[in-house]
Amino acid sequence: MKTTLEKRDGKMVATLIGELDTAAAIDVEKALQPLYESKGVDVVIDCEKLEYIASSGLRILLSILKKTKAGGSKVTLLNVNDEIRTVFELTGFISLFDFA
């Protein structure tokens, strides 16, 4: 699993590449730690190359959503493929996130 983080167009953009499974979750959470503190800066999570997401990955995204919304930021999931979108639908998370 590869995770990159950059500031682009005034937003924090995280790119997730590979499988966000339980084994990768600890490293991904550490890599995305700056998103937890992005008060007033919108967050975009690019999932174009995300192949799989486990419940531990969903927990990370939900934590980011809660922390950033509390700080006045918006979280958008970008380029979510059909398989990942189905996971969000089945878990009820589809209504929590903005998708683009």
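Preceding this paragraph is the structure being described.
The following refers to the structure shown. As the structure is a prediction and not an experimental result, all values here were calculated from the model.

## Observations concerning the overall build of the chain
Within the chain, the secondary structure is distributed over 4 helices and 5 strands. Along the chain direction, N to C, the helices and strands of the chain fall in the order β-β-α-α-β-α-β-α-β. Against the globule reference of 13 Å for 100 residues, the chain gives a C-alpha radius of gyration of 12 Å, in line with a compact fold. A principal-axis box enclosing the C-alpha atoms of the chain has dimensions of 30 × 25 × 20 Å. For the chain, with 100 residues in total, the buried portion stands at 42%. Sequence-distant contacts, at least 24 apart, represent 68% of the contacts inside the chain between residues at least 6 apart. Here the chain contributes 13 positively and 15 negatively charged side chains, and the mean placements of these two sets differ by 8 Å.

## Observations regarding the nonpolar core
A general tendency of soluble globular proteins is for nonpolar side chains to be buried together. With 29 residues, the main nonpolar core has Leu32, Ile45, Phe88 and Phe97 as its most contacted residues. Counting only elements with at least two residues in this core, the list comes to β2 (11–20), α1 (22–31), α2 (33–36), β3 (43–53), α3 (55–70), β4 (75–78) and α4 (82–91). Element by element, the count of residues in this core is highest for α3, at 6 residues. In this structure, Leu32 is in contact with Thr3, Ala14, Leu16, Ile60 and Ile64, ignoring residues within four places of it in sequence.

## Considering the packing of aromatic side chains
Under the counting rule described, the total for this entry stands at 3 aromatic pairs. Relative to Phe99, the ring of Phe88 lies with its centre 5.6 Å away and its plane at 90°, an arrangement referred to as edge-to-face. A residue pair is termed long-range when its members are at least 10 positions apart, and Phe88 in helix α4 and Phe99 in strand β5 (residues 98–99) qualify at 11 residues. Each member of the aromatic cluster is reached from another via a ring pair, and the members are Phe88, Phe93, Phe97 and Phe99.

## A word on the packing of α1 against α3
Here α1 crosses α3 at 25°, and the two axes come no closer than 8 Å. Between α1 and α3, the angle falls in the class roughly parallel. Contact residues: Thr22, Ala25, Val28 and Glu29 in α1; Ser56, Arg59 and Ile60 in α3. Looking at the contact of α1 with α3, its residues break down into 3 nonpolar, 2 polar and 2 charged.

Criteria and thresholds
Residues numbered from 1 in each chain as written. Predicted model: local features only at pLDDT ≥ 70, side-chain atom pairs only at ≥ 80, totals over all residues. Heavy atoms only, no water. Helix = DSSP H or I, 4+ residues; strand = E, 2+ residues; numbered from the N terminus. Rg over C-alpha atoms; globule rule 2.2 N^0.38 Å. Buried < 20%, exposed > 50% of the residue type's maximum accessible area, 1.4 Å probe, protein only. Contact = heavy atoms within 4.5 Å. Lys, Arg positive; Asp, Glu negative; His and termini not counted. Charge placed at Lys NZ, Arg CZ, Asp CG, Glu CD. Core = buried A, V, L, I, M, F, W, Y, C linked by side-chain atoms within 4.5 Å. Phe/Tyr/Trp six-rings, centres within 6.5 Å; stacked < 30°, edge-to-face > 60°. Axes fitted to C-alpha atoms, helices over the stretch in contact; angles between N-to-C directions. Parallel < 35°, antiparallel > 145°, perpendicular 65-115°, else oblique. Nonpolar A, V, L, I, M, F, W, Y, C, P; charged D, E, K, R; others polar.

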